[in-house]
Amino acid sequence: MSYYDYIIVGAGSAGCVLANRLSADPDTRVCLLEAGGSNRSPLLHVPAGWAATFKNPKYDWSFETEPEPELDGRQVYWPRGKSLGGSSAINGMIYVRGVPVDFAAWEHAGAKGWSWEEVLPYYKKAERQQIHDDEMHGSDGPLHVQEVRDKRPMDDVFLNAMNQAGIPSNPDFNGVDQAGCGYYQFTQNNGRRWSTASAYLTPARSRANLTIITYAITQRVLFDGKQATGVEINRSGQKQIIQGAHVILSGGAVASPQLLEVSGVGDGERLRNLGIDVVHHAPDVGEHLQDHILCKVVYATQPEHSINREVQGLRLIPAALRWFFLREGPLTTGSAPVGAFCYTRDGLEAPDVQIHFASGGTLYNNAGKIRALKQPAVTAVVNQSRPESRGSIHAKSADITDAPVIAANYLSSQLDRDTLLRGMRILLNIFDQSELQPYLGGRLSPDVETDLNDDEALMAYIRREASTVYHPTSTCSIGKVVDETLHVMGVEGLSVIDASVMPYVVSGNTNAATIMLAEKGADHLLAARR
Ligand SMILES: Cc1cc2nc3c(=O)[nH]c(=O)nc-3n(C[C@H](O)[C@H](O)[C@H](O)COP(=O)(O)OP(=O)(O)OC[C@H]3O[C@@H](n4cnc5c(N)ncnc54)[C@H](O)[C@@H]3O)c2cc1C
């Protein structure tokens, strides 16, 4: 039996930040529990390795949504990281923070103290920015934020086409204005992925007061009345109790609400139906789920303009050698090097769609692993930044190892359907620009049979093809499940600190915002101890 000041469940984007910050004081005993294993595999360090982690049970939880009513009843595959680093160990590495209007909405939803002015210092605290040196950025945090290393001529051609389509250039999406097009910034260090395990855990691992236990599935939080007293874990079939003064759930937007429910914190009737004793009736647990949903346009191109042939077959060998010896080449890129933030209508306070472009094309579906198309191709995708649609994630049974029921409810709002349709029109217009024509072969997706002038035909394509951008949030929202210090309301000694507490998904990729909120959450916990 061991006793800790803090028990952190989940060593993902948020959990690793917390483990580092809370164990900085040698008198504080911290235990970090992770269901997956270490992050030693090269797949978790070579940026392009992420594709090989999909559907691999060692690194990916491989969730699926329920049949989605607005997506022709399709189930959508949801990869989620399972190792030290969590989803930051398998993500696309794109560093985008969101915009001030996101945090104004958070405050409006009850997240007092989370305005843009109040969260910016925490983004900067985390950041070690290589490209921009100004008041918007931090330069001495643990999280390396660096330039795309493998800029390709097609990236510049696509940027020129975006300019031609009326989208201005923006050298820094994390500067004062998000709008425009440009290169993304990556959370990488000298060509290596920089997960939160690399950034926060490696420097803290040797601390005597930090215990890290891998392959430890937390089964439930233990309570004495309404006071959390520890957790029960299962490690290789052996049950173990870990006791502590404060339990922090950092299992991510899928696992944290499920953990609360199997521990007795959730909607009373729902829990009783699953045979779970109710500790605290909290009907919002698992509700209000948000995610970004994207749709794509793919064109064939000449072999020399696509990355595809460089990353398969025997050509993978020189690519791997280039990465290993020089930290250069196509394997340094996790996902899309180029993007844009655009407006689909007038009168908005911030761009409402985001574009990602890559000079490659992949086969991607629920059944198999993601892999490069044999045919040389380029791909651009668009997603709405601030969706209205809300879904839910709930435990299916009292057993944490039963995957929960995920109902994303994508495109259930008319605004979301309209915005994605308008976003697709922006993408198609970019592909029509003369800058791109010398490089394009035939359109592969939507196929040439799709009548692009017909909104209904384009909407039918969206329903057939749209998929997740991997940004689930809001299932344990501030103001609904946790208070503004991220403490679970109605019980003692229990917090949730991860992407699930965002009252709304931010306008951009969610890793940076999760790290920011863990930095701020750690400060709240330390302040309460003083
Ligand atoms: C494929 C993919 C690509 C993405 N691309 C980008 C991108 O390019 N840029 C960006 O900003 N964001 C991206 N994201 C999103 C971003 O990575 C996530 O929003 C962020 O990592 C969420 O952090 P988290 O701490 O909430 O959860 P996670 O990082 O998922 O961490 C949760 C951890 O808890 C562990 N856990 C779960 N249940 C238990 C349990 N019962 N017991 C013990 N441990 C448990 C998990 O194994 C995991 O390690 C991507 C995500 C994915 C999956």
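About the thresholds
Residues numbered from 1 in each chain as written. Predicted model: local features only at pLDDT ≥ 70, side-chain atom pairs only at ≥ 80, totals over all residues. Buried ≥ 20, exposed ≤ 12 C-beta atoms within 10 Å, placed from the backbone. Helix = DSSP H or I, 4+ residues; strand = E, 2+ residues; numbered from the N terminus. Pairing = 2+ DSSP bridges. Near = placed C-beta within 6 Å. Nonpolar A, V, L, I, M, F, W, Y, C, P; charged D, E, K, R; others polar. Axes fitted to C-alpha atoms, helices over the stretch in contact; angles between N-to-C directions. Parallel < 35°, antiparallel > 145°, perpendicular 65-115°, else oblique. Contact = placed C-beta atoms within 7 Å.

### Topic: the pairing of strand β17 (residues 293-301)
Counting buried residues in β17 gives eight out of nine residues, a clear majority hidden from the surface. Here β17 pairs with strand β26 (residues 467-468) via two bridges, running antiparallel. Across the sheet, the residue bridging to I293 is T468, located in β26. One ladder, built from seven bridges, connects β17 with strand β22 (residues 377-384); its direction is antiparallel. Bridging across to β22, V297 finds its partner in A380. Both β17 and strand β25 (residues 440-445) contribute to a ladder of three bridges, which runs antiparallel. Within β25, the residue paired with V298 across the bridge is S445.

### Structural notes on the pairing of strand β19 (residues 353-358)
Burial analysis of β19 places six of its six residues in the buried class, which makes it a mostly covered element. Residues V353, I355 and F357 line one face of β19 and the alternating positions Q354, H356 and A358 line the opposite face, and both faces are buried. As paired strands, strand β18 (residues 338-342) and β19 are joined by five bridges and run antiparallel to one another. Within β19, the residue paired with A340 across the bridge is I355. As paired elements, β19 and β22 share six bridges and run antiparallel to each other. Considered in β22, the bridge of V353 is made with Q384.

### Regarding the site of the ligand
Near the ligand you find 42 residues, and of these G10, G12, G86, G92 and N509 are the closest. Elements with a contribution of two residues or more to the shell around the ligand: α1 (13-22), β12 (217-224), α7 (252-262) and α12 (511-529). Per-element accounting of the shell around the ligand gives the leading share, four residues, to α7. Of the residues contributing to the shell around the ligand, the split by class is 17 nonpolar, 21 polar and four charged.

### Section: the sheet that holds strand β6 (residues 143-147)
Overall, mixed pairing links the three strands, which are arranged β5-β6-β8 in an open sheet. At either end of the open sheet lies a strand with only one pairing partner, and these are β5 (127-129) and β8 (185-186). Relative to β6, β5 is paired through three bridges, and the arrangement is parallel. In the sheet register, R128 faces β6, and the bridge partner there is H144.

### Quick word on the packing of helix α10 (residues 414-431) against helix α11 (residues 455-465)
For any two helices packed against each other, one specifies the crossing angle of their axes together with the interaxial distance. Orientation of α10 relative to α11, taken along the N-to-C sense of each, is 100°, at an axis distance of 10 Å. With respect to α11, the element α10 is oriented roughly perpendicular. Contacts from R417, L420, L421 and M424 in α10 reach D455, L458, M459 and I462 in α11.

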